[in-house]
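Residue strings, one per chain:
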Amino acid sequence: MSDDNNEMEKLPVLNFDRQYMSNTKISRILSTKQIQIEEMVSELKIPINDKIINLVDIWRDKNITLSCDNITQFDMAVMDAAYTIMCAGQMILTAEWIAKVLSGNLDQKVTPLKIAAIRKSIDKLRSIHIKIDCKDELNFRRDTKGKVKKFVYESYLLPLDKIDAKYEANGKEIIAYPVLSKPALYRYAEIVHQIVDVPASLLDTHQEFRDTDEAILIKRYVIKRVAQIVRKNNLSSNKISFIWYDKDVEEERGIFPELGYIPNNTDVWRDKKRKINKIVKMTLQSLKEKGAIDDFEEYRKNGTNNPASPIMGYKIFCQKHDW
C-alpha cells in the first residue's frame, strides 16, 4: 500500500453502548470440555433438555497448525467481542478494537503482547468450522413449534478475511479483518434468544483493578451471570457460585469449572482462590456503585456465617433495574 497519506485507508471510529455475550449451551460445552479440534469432523451431541439434542460438527482447515487444539475461554471472549463490534455496525475488526471491547476500557493503551495474543486467537478461530443442526430445538420452541423441517447453521467460528493496511487514524501498519458473514454460533444464539446484552459501561472496571486476561474473563463471567439474575431469565437462584454440582446434567458448574480452574489443597491454589474472589467482589462492587444491582453479600458453605467456613459465592440483590 502506498505511503501517501491521501491513499491511506480511514479506520472507522468504534462506538458502541452495549456488549453482547453468547449464553448457549453449545458455547459453554465448546469452551469447557477440552474438545480437540482435528481435521476430521468431531461430531458432538449436545442435549438441550431430556427431549432435545442438537448435533454439532466441528473441524479445522487442513494443513493448519492451531496455537492450541481446543477452544479456550479467551477464544470465546474474543468471539463475543467480535460479535459486539459487528452489532455496532462495523464490518471490519482489528485486534486493537477487540482488546478494548474485552476490557470495556476504550481509552486503554493496548500492549503488543495483548495484540499478539488476540491475533493468535483470531487466526485460530478463522480456521475452525462449525455446523449446527438445531431443527429439533426450534421445533420444540413455542415461537417455531413444529414448523421446521431443516435448520442448519454453518460457518467458521469467526468468518473473517485478513488484510494488512495502513490507517489514517494512526499512520501505523495494522492488520484488519473484514467480516465475511455473521458467525453461525451467534446466528444460532440469536434465534434461540440466548444472547446476553449489557450496558458497555459496566465492563469498564479499570479504576478498580488491572485488566489482565484472567481478570477480564472473570469479570465478564460475573457480569453475564448478574445480567441473567437481574432479568430473571428463568433462573431459580440469585447466586454467583464458585463451584456447585448440577444434578440435572451431572456436572460441576460455576466460576471455577467454567473458567478452567481445578481446586486443590495447595498454597498456590489458596492464593489463586483469594485473587479470584477479590476480582469477583470488586466487579460486584463496581456494579453496585453504577446502580446495576442493589447489593450483594457472600455466602458460605452449608449456609453458615462462620468466617472459618469457605466462601462459596455471592448472593445478588436487585429489584427493578433497566439494563
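This text follows the structure it describes.
Please read all numbers here as calculations on a predicted model, not as lab measurements.

Criteria and cut-off values
- Residues numbered from 1 in each chain as written.
- Predicted model: local features only at pLDDT ≥ 70, side-chain atom pairs only at ≥ 80, totals over all residues.
- Heavy atoms only, no water.
- Salt bridge = Lys/Arg side-chain N within 4 Å of Asp/Glu carboxyl O.
- Helix = DSSP H or I, 4+ residues; strand = E, 2+ residues; numbered from the N terminus.
- Polar contact = N/O pair within 3.5 Å; in protein donor to acceptor, adjacent residues only side chain to side chain.
- Contact = heavy atoms within 4.5 Å.
- Phe/Tyr/Trp six-rings, centres within 6.5 Å; stacked < 30°, edge-to-face > 60°.
- Buried < 20%, exposed > 50% of the residue type's maximum accessible area, 1.4 Å probe, protein only.
- Pairing = 2+ DSSP bridges.
- Axes fitted to C-alpha atoms, helices over the stretch in contact; angles between N-to-C directions.

Participant: Could you clarify how one ought to interpret the pattern of salt bridges in this entry?
Facilitator: Proximity of charged atoms lets side chains of opposite charge pair with each other. Within this structure, the stated rule accounts for 20 salt bridges. The partner of Asp-123 in a salt bridge is Arg-126, and the shortest N-O contact between them spans 3.6 Å. Residue Arg-274 pairs with Asp-271 through a salt bridge whose shortest N-O separation is 3.7 Å. Taken together, the residues span about one helical turn, with Arg-274 and Asp-271 both in helix α9 (residues 267-289) at a distance of three residues. Among the charged side chains, a network of salt bridges with common partners joins Arg-18, Asp-197 and Arg-231.

Participant: Is there a simple way to think about the side chain of Arg-300 in this case?
Facilitator: Looking at the secondary structure, you find Arg-300 in strand β13 (residues 295-300). A distance of 2.8 Å separates polar atoms of two side chains, one belonging to Arg-300 and the other to Glu-298. A distance of 2.5 Å separates a polar side-chain atom of Arg-300 from the backbone oxygen of Ser-309. For Arg-300, the residues in contact, after removing those within four places along its chain, are Asn-305, Asn-306, Pro-307, Ser-309, Pro-310, Ile-311 and Met-312.

Participant: What is the right way to look at the packing of aromatic side chains in this model?
Facilitator: Where two aromatic rings form a pair, the distance of their centres and the angle of their planes describe that pair. One pass over the full model with this rule turns up nine aromatic pairs. Note on Tyr-261 and Trp-269: the rings are 6.2 Å apart at their centroids and 50° apart in plane angle, and the pair reads as tilted. Accessibility expressed as a relative area gives 7% for Trp-269, which makes it buried. Aromatic ring contacts, followed pair by pair, group Phe-242, Phe-256, Tyr-261, Trp-269, Phe-296 and Tyr-314 into a single cluster.

Participant: Which parts of the structure should I look at to understand the sheet that holds strand β10 (residues 239-241)?
Facilitator: Note on sheets: strands pair through backbone hydrogen bonds, and any given pair is parallel or antiparallel. Spatially, three strands are ordered β10-β14-β13 in an open sheet, and the strand pairing comes out antiparallel. Each edge of the open sheet is held by one strand with a lone partner, namely β10 and β13. Each neighbouring strand pair of the sheet contributes to a mean axis angle of 25°, computed without reference to strand direction. Pairing of β13 with strand β14 (residues 311-317), which is carried by six bridges, proceeds in the antiparallel orientation. Bridge pairing in β14 links Phe-296 to Ile-316. Each of β10 and β14 is contacted by helix α7 (residues 213-230), which is oriented at about 155° to β10, the strand it contacts most. Together, β10, β13 and β14 form the strand contacts of α9, whose direction differs from that of β14 by roughly 10°.

Participant: So what exactly am I meant to see when it comes to the sheet that holds strand β4 (residues 92-94) here?
Facilitator: In space, the three strands of this open sheet follow the order β4-β8-β7, with antiparallel pairing throughout. Unpaired on one side and paired on the other, β4 and β7 (163-166) mark the two borders of the sheet. The sheet shows a mean angle of 45° between the axes of neighbouring strands, taken without regard to direction. Examined bridge by bridge, β4 and strand β8 (residues 173-178) share three bridges and lie antiparallel to one another. Counterpart to Thr-94 in the pairing with β8 is Ala-176. Each of β4 and β8 is contacted by helix α3 (residues 95-103), which is oriented at about 75° to β4, the strand it contacts most.

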